[in-house]
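Residues per chain, in single letters:
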Amino acid sequence: MAKITFITSDNETITLEGTSGSVMELAVNNNVKGIDGDCGGVCSCATCHVHVAPEDFAKTGGPEELENDMLEFDDLTNEYSRLSCQLQISEALDGIVLKVAK
Amino acid sequence: MKVSEFPDAFKKEREEKGYDSIEDQNDPAMMILGHKDVRKCAHQWQTFQSGAKPGRIVIPSEVNIRETRQIPFEVDPPEHKSYRNLLEAWFKRPLNEDYKNQLTTQIESIVDEVLNKDAIEVVGDFSLPLQSRALTLLLNIPYSEADLWISWGTHVFRSEDTALDADKANILYNYIDQEIDKAIENPSESLYSQLLNSKVNGKKLTKEEVKGVMILTFAGGRDTVINAVTNSIAYFSEHPNSLKALKENPAMINKAVEELVRYFTPLTQMGRVATKDAEVCEHAVKADSRIALNWASANRDERVFENPNEVVLDRKVNPHLSFGFGIHNCLGATHARQILRILLATLSKKVTSIDVLEAKENIEDLGNFKRKVGFDSLKVQFNK
């Protein structure tokens, strides 16, 4: 079980609990605004972009090469950017805070 | 060659130099072939514009057959965003439960229909009606309207012998004009009425702007969806185990859709016009000349996709460009994805195998390149 907090662009804070699947799926299933996950999680649409809170970045780690390539061309990318479809939910992510990029 | 095999037409040039030139009605375009270069150019909307003369970013160019600007894809920022915002919510409706149920009913009924026949010509008797009926949901208009579009045939905008046919295009344009006038007289819950009631940047949309959105809605999703559906049938005919795998593991359907869309890339390319002198692949691009973002080539780039010429139905990381890339990515992608997801679910539930009886490939003539993009006809038998 991991508690994951999303902060949307209108500053709404939503804390969700997940046990499996990706962070994108958790967000989409709970209608977190700004996370669309159009491609269903294959790293092709970049509609699930989040900024990991800097103090939590060690927990998620940085993006792999292909994910990094996707982020490279997104205008809202910063050094803490991740595509949430590539973040698998596990105990290791418990307590992290993600700011929705869009 | 197997009917479901779609070769990579661009491999040699992509690997050797990364670009090539394509002639098109005295307005050549520099075709960009590598995954990274395509994405980079798609991202640079200031340098490579979409808001050029209407029809010019399409390849083959449509400047000689239309003047109406298609919205939002032939509009650049900052105006682009206002139009896109207006349309985005509407074009995401396919995610609604009710929409999904209606689409499922449509697709299940057409699959049931073909299961009871000995032979079916997939393009005209399956994919075309499927696409047309699904479009009534996207426009939110009566189902019966699809009959008219089906009667137009698969190529509303093209005739058999020419890629550009003004007379045929005019049938669509006149039809849309009439439908807009009807919607003004009798407002309804349709996309036409929705647009006529909308404002962008404080100004009501003009009839010409509404027409621009509607032409794009009709044109963008016609042959692309028809090809995606037909080609998927071809794939399953030669891979019956895949149907079985999807039936046993429906969670795989999403990945399968993305992979089929990558492999088939229904729209080969889309152009842009350079706003200033630029450089791509260490090659000069002159101001006011065209480039072409070749999605099909990018989707087979070995530097990005392992075994790019194989369909790997459960490919996990799949950054394909079949719906474009950047701010102009496909507005109809949600609708298209939903059609394909429901189609795969329905086929895997109801169909055991598909036998191909006859196939006539549709080969796109792109100057130095010949690319298989789909079928002119595909006769098959569906088996329960």
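As the structure is a computational prediction, the values presented were derived from the model and not from experiment.

So, how was this worked out
- Residues numbered from 1 in each chain as written.
- Chains lettered and ligands numbered in written order.
- Predicted model: local features only at pLDDT ≥ 70, side-chain atom pairs only at ≥ 80, totals over all residues.
- Heavy atoms only, no water.
- Helix = DSSP H or I, 4+ residues; strand = E, 2+ residues; numbered from the N terminus.
- Rg over C-alpha atoms; globule rule 2.2 N^0.38 Å.
- Buried < 20%, exposed > 50% of the residue type's maximum accessible area, 1.4 Å probe, protein only.
- Pairing = 2+ DSSP bridges.
- Contact = heavy atoms within 4.5 Å.
- Axes fitted to C-alpha atoms, helices over the stretch in contact; angles between N-to-C directions.
- Buried area = accessible area lost by both parts, 1.4 Å probe.
- Salt bridge = Lys/Arg side-chain N within 4 Å of Asp/Glu carboxyl O.
- Nonpolar A, V, L, I, M, F, W, Y, C, P; charged D, E, K, R; others polar.
- Left-handed = near helix turned anticlockwise from the far one by under 90°.
- Parallel < 35°, antiparallel > 145°, perpendicular 65-115°, else oblique.
- pLDDT = per-residue confidence, 0-100.
- Polar contact = N/O pair within 3.5 Å; in protein donor to acceptor, adjacent residues only side chain to side chain.
- Phe/Tyr/Trp six-rings, centres within 6.5 Å; stacked < 30°, edge-to-face > 60°.
- Lys NZ or Arg CZ within 6 Å of the ring centre and 35° of its normal.
- Expected span 1.5 Å × (residues − 1).
- Core = buried A, V, L, I, M, F, W, Y, C linked by side-chain atoms within 4.5 Å.

## What about the overall build of chain B?
Okay, so step 1: Scanning chain B from N- to C-terminus turns up 14 helices and 12 strands.
Okay, so step 2: Here the C-alpha atoms of chain B give a radius of gyration of 20 Å, agreeing with the 21 Å that 2.2 N^0.38 yields for 384 residues.
Okay, so step 3: Judged by the C-alpha coordinates and their principal axes, chain B covers about 60 × 55 × 40 Å.
Okay, so step 4: Here chain B holds 384 residues, and the buried ones make up 57% of them.

## Comments concerning the sheet that holds strand β1 (residues 19-22) of chain B
Residues and elements named next belong to chain B.
Okay, so step 1: Strands sit in the order β1-β2-β10-β7-β3 across an open sheet of 5 strands; the sheet is mixed. This sheet does not close on itself; its edge strands, each paired only once, are β1 and β3 (48-49).
Okay, so step 2: In this sheet, strand β2 (residues 29-32) lies alongside β1 in antiparallel orientation, the contact comprising 4 bridges. Its bridge partner lying in β2, Y19 is registered against I32.
Okay, so step 3: Across the face of the sheet, helix α2 (residues 35-43) comes into contact with β2, β3 and β10 (290-294) while running at roughly 125° to β10.

## Thoughts on the interface of chain B and chain A
Okay, so step 1: The interface of chain B with chain A comprises 18 residues on the first partner and 16 residues on the second.
Okay, so step 2: For the pair chain B and chain A, the summed buried surface comes to about 1,600 Å²; carbon and sulfur atoms form 53% of the total.
Okay, so step 3: Contact with chain A buries area across many residues of chain B, yet R39(B), H43(B) and V317(B) alone supply 28% of it, more than any other trio.
Okay, so step 4: Viewed at the interface, chain A and chain B are joined by 4 salt bridges.
Okay, so step 5: Among the salt bridges present, the one from K36(B) reaches D69(A), with a minimum N-O distance of 3.6 Å.
Okay, so step 6: Secondary-structure elements contributing two or more residues to the side of chain B that touches chain A are α2, α12 (253-264) and α14 (333-350) of chain B.
Okay, so step 7: Among the elements that take part in the side of chain B that touches chain A, α2(B) stands out by supplying 4 residues, more than any other.
Okay, so step 8: Residues belonging to the side of chain B that touches chain A are distributed by class as follows: 4 nonpolar, 4 polar and 10 charged.

## A look at the packing of α12(B) against α14(B)
Helix-helix packing is described using two parameters, namely the angle between the two axes and the distance between the axes.
All names here are of chain B.
Okay, so step 1: In contact at an axis separation of 9 Å, α12 and α14 are set at 120° when each is read in the N-to-C sense. The element α12 and its partner α14 pack so that their crossing is right-handed. Contacts between α12 and α14 involve I253, N254, A256, V257, E258, L260 and V261 on the former and, on the latter, R337, L340, R341, L344 and A345.
Okay, so step 2: For the contact of α12 with α14, a count of residues per class yields 8 nonpolar, 1 polar and 3 charged.

## Things to note about the packing of helix α5 (residues 122-139) of chain B against helix α9 (residues 207-220) of chain B
All names here are of chain B.
Okay, so step 1: In the contact formed by α5 and α9, the axes pass within 11 Å of each other and the chain directions differ by 150°. Considering the angle they form, α5 stands roughly antiparallel to α9. Crossing geometry of α5 relative to α9 is assigned as right-handed. Contacts between α5 and α9 involve L135, L138 and L139 on the former and, on the latter, M214, T217 and F218.

## A closer look at the confidence of the model for chain B
Low-pLDDT stretches of the model should not have their predicted coordinates read in fine detail.
Okay, so step 1: Of all residues in chain B, 97% have pLDDT values of 70 or greater, and the mean over the chain is 95.
Okay, so step 2: This complex was scored by the predictor with a pTM of 0.96 and an ipTM of 0.94.

## Description of the side chain of N231(B)
All names here are of chain B.
Okay, so step 1: Along the polypeptide, N231 turns up in helix α10 (residues 223-238).
Okay, so step 2: Owing to a relative accessible area of 0%, N231 belongs among the buried residues under this scheme.
Okay, so step 3: Of the polar contacts made by the side chain of N231, one reaches the backbone oxygen of V373; its length is 3.2 Å.

## Here's the deal with the sheet that holds strand β12 (residues 369-383) of chain B
Residue and element names in this part refer to chain B.
Okay, so step 1: Spatially, the 3 strands line up as an open sheet ordered β4-β12-β11, and their pairing is antiparallel. A strand with exactly one partner marks an edge of an open sheet, and here the two such strands are β4 (120-121) and β11 (353-366).
Okay, so step 2: Alignment of β4 against β12, held across 2 bridges, turns out to be antiparallel. What sits directly across from E121, in β12, is K379.

## Considerations on the packing of aromatic side chains
Residues and elements named next belong to chain B.
Okay, so step 1: Across all of its chains, the model carries 12 aromatic pairs over all chains by this definition.
Okay, so step 2: Seen from their ring centres, Y263 and F264 are 5.3 Å apart, and the 75° between their planes marks the pair as edge-to-face.
Okay, so step 3: For Y263, a relative accessible area of 4% puts it in the buried group.
Okay, so step 4: One aromatic cluster in this structure is built from F6, Y263, F264 and F375.
Okay, so step 5: A cation over an aromatic ring shows up here: R39 above the ring of F325, its NZ or CZ 5.2 Å from the ring centre.

## Quick look at α12(B)
Residues and elements named next belong to chain B.
Okay, so step 1: Between its first and last C-alpha atoms α12 spans 16 Å; for 12 residues at 1.5 Å apiece the expected length is 16 Å, and the two agree.
Okay, so step 2: Among all positions in α12, only I253, N254, A256, V257, E258, E259, L260, V261, R262, Y263 and F264 are buried.
Okay, so step 3: As for α12, its buried residues are in contact with α10, α11 (240-248), α14 and β12.
Okay, so step 4: The positive-phi residue at the C-terminal boundary of α12 is T265, with phi of around 35°.

## Description of unusual backbone geometry
Residue and element names in this part refer to chain B.
Okay, so step 1: Going from I59 to P60, the amide bond is cis rather than trans, its omega being 0°.
Okay, so step 2: With respect to the element layout, P60 can be found in the loop between β3 and α3 (79-91).
Okay, so step 3: The omega torsion across I71 and P72 is 5°, close enough to zero to call that bond cis.
Okay, so step 4: With respect to the element layout, P72 can be found in the loop between β3 and α3.
Okay, so step 5: The backbone phi angle of E282 is positive, close to 55°, even though this residue is not glycine.
Okay, so step 6: Within the secondary structure layout, E282 lies in the loop between β8 (278-280) and β9 (283-285).
Okay, so step 7: Although it is not a glycine, D288 adopts a positive phi angle of roughly 65°.

## Comments concerning the nonpolar core
Grouped burial of nonpolar side chains is what soluble globular proteins tend to show.
Okay, so step 1: Counting 85 residues, the largest nonpolar core has F126(B), F218(B) and F382(B) as the members making the most contacts within it.
Okay, so step 2: A total of 10 residues in this core trace back to one element, the largest contributor, which is α5(B).
Okay, so step 3: Counting residues in each nonpolar core, the second largest holds 52 residues, with V32(A), V100(A), C41(B) and L293(B) among its members.

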